[in-house]
Structures are given as C-alpha cells and as structure tokens.
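A structural walkthrough
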Amino acid sequence: MLLKSAEKMPEESYSFKPVDTVRSYGQIVGHVADAQYAVLLARTGGEKSGAGHRTHETSKADLIAALNTAFAYCDKAYGG
C-alpha cells in the first residue's frame, strides 16, 4: 500500500506538511525506506545497522526507487 500511495501522490505534494512540526510526506516515505533497509533488516541480512543505506532523497522518483530497493532487500532477507 505504501508503494502504491507513493506512486499516486503528485510530485508537488511530496513536500506537504500539515504543520511545520511534522515530517513532510516525502520525508515519511524516506523514513520508512530507511527503517526497512537500514535499521529493521540490517541484522537479518548480516549487516550492521545503518550500514550506508540511508535515504536522503527528496524527489518522488528517488523515493520510489528507495522504497523498491528496501522492499527487495526485505524479500532477500526474508527469503534467506
């Protein structure tokens, strides 16, 4: 569902914040990719947590690519 919502969200809405004290939509997408790829599954994949896979992208295309990479990493880790 997250990937589908990221694909449907218009590029200009990736910077949307309901209030200044919260992350933008794009920052939330990047945070989820980070959490899956670098934090939650790093130990499962045999890597140290945060092993250089941090997501700092801001464009829609880059964030969708980061999600796809994170999901592929998850699939590999779970498959092993």
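Description of the structure in this document. (Residues numbered from 1 in each chain as written. Predicted model: local features only at pLDDT ≥ 70, side-chain atom pairs only at ≥ 80, totals over all residues. Heavy atoms only, no water.)

Some thoughts on the overall build of the chain
- Along its length, the chain carries three helices and zero strands.
- Ordering the α and β elements of the chain from the N terminus gives α-α-α.
- A buried classification covers 31% of the 80 residues belonging to the chain.
- The contacts in the chain between residues at least 6 apart in sequence include a share of 54% that link residues at least 24 apart.
- By element, 56% of the accessible surface of the chain is carried by carbon and sulfur atoms, the whole surface being about 5300 Å². (Helix = DSSP H or I, 4+ residues; strand = E, 2+ residues; numbered from the N terminus. Buried < 20%, exposed > 50% of the residue type's maximum accessible area, 1.4 Å probe, protein only. Contact = heavy atoms within 4.5 Å. Areas by Shrake-Rupley, 256 points an atom, 1.4 Å probe, with all protein chains shown as cover.)

Points about the packing of aromatic side chains
- By the definition in use, this model includes one aromatic pair.
- Judged by centre distance (5.1 Å) and plane angle (85°), the ring pair of Tyr14 and Tyr25 falls under edge-to-face. With Tyr14 in the loop between α1 (2-8) and α2 (25-40) and Tyr25 in helix α2, the pair connects residues that are 11 residues apart, well separated along the chain. There is no split in this pair, since Tyr14 and Tyr25 are both buried. (Phe/Tyr/Trp six-rings, centres within 6.5 Å; stacked < 30°, edge-to-face > 60°.)

Side note on the environment of Tyr73
- One can find Tyr73 in helix α3 (residues 60-79).
- Here the alpha-carbon distance between Tyr73 and Gln36, two residues 37 residues apart in the chain, equals 8.3 Å.

What about the environment of Glu7?
- By the secondary structure assignment, Glu7 is in helix α1.
- As for Glu7 and Leu63, which are separated by 56 residues in sequence, their C-alpha atoms are 9.7 Å apart.
- When near neighbours in sequence (up to four residues on either side) are disregarded, Glu7 contacts Tyr14, Lys60 and Ile64.

Quick notes on the environment of Tyr25
- You can call Tyr25 buried: its relative accessible area is 16%.
- Sequence spacing of Tyr25 and Ser13 is 12 residues, and the spatial spacing of their C-alpha atoms is 7.3 Å.
- Not counting residues up to four positions away in its chain, the partners in contact with Tyr25 are Ser5, Ala6, Met9, Ser13, Tyr14 and Phe16.
- A polar atom in the side chain of Tyr25 sits 3.3 Å from the backbone nitrogen of Ala6. (Polar contact = N/O pair within 3.5 Å; in protein donor to acceptor, adjacent residues only side chain to side chain.)

Quick word on the nonpolar core
- Of all hydrophobic cores here, the largest spans 11 residues; its members are Leu3, Ala6, Tyr14, Tyr25, Val29, Ala33, Leu63, Ile64, Ala66, Leu67 and Ala70.
- Counting residues per element, the ones that place at least two in this core are α1, α2 and α3.
- In terms of residue count, α3 provides more of this core than any other element does, five residues in total.
- Contacts of Val29, omitting those with residues within four sequence positions, involve Leu63 and Leu67. (Core = buried A, V, L, I, M, F, W, Y, C linked by side-chain atoms within 4.5 Å.)

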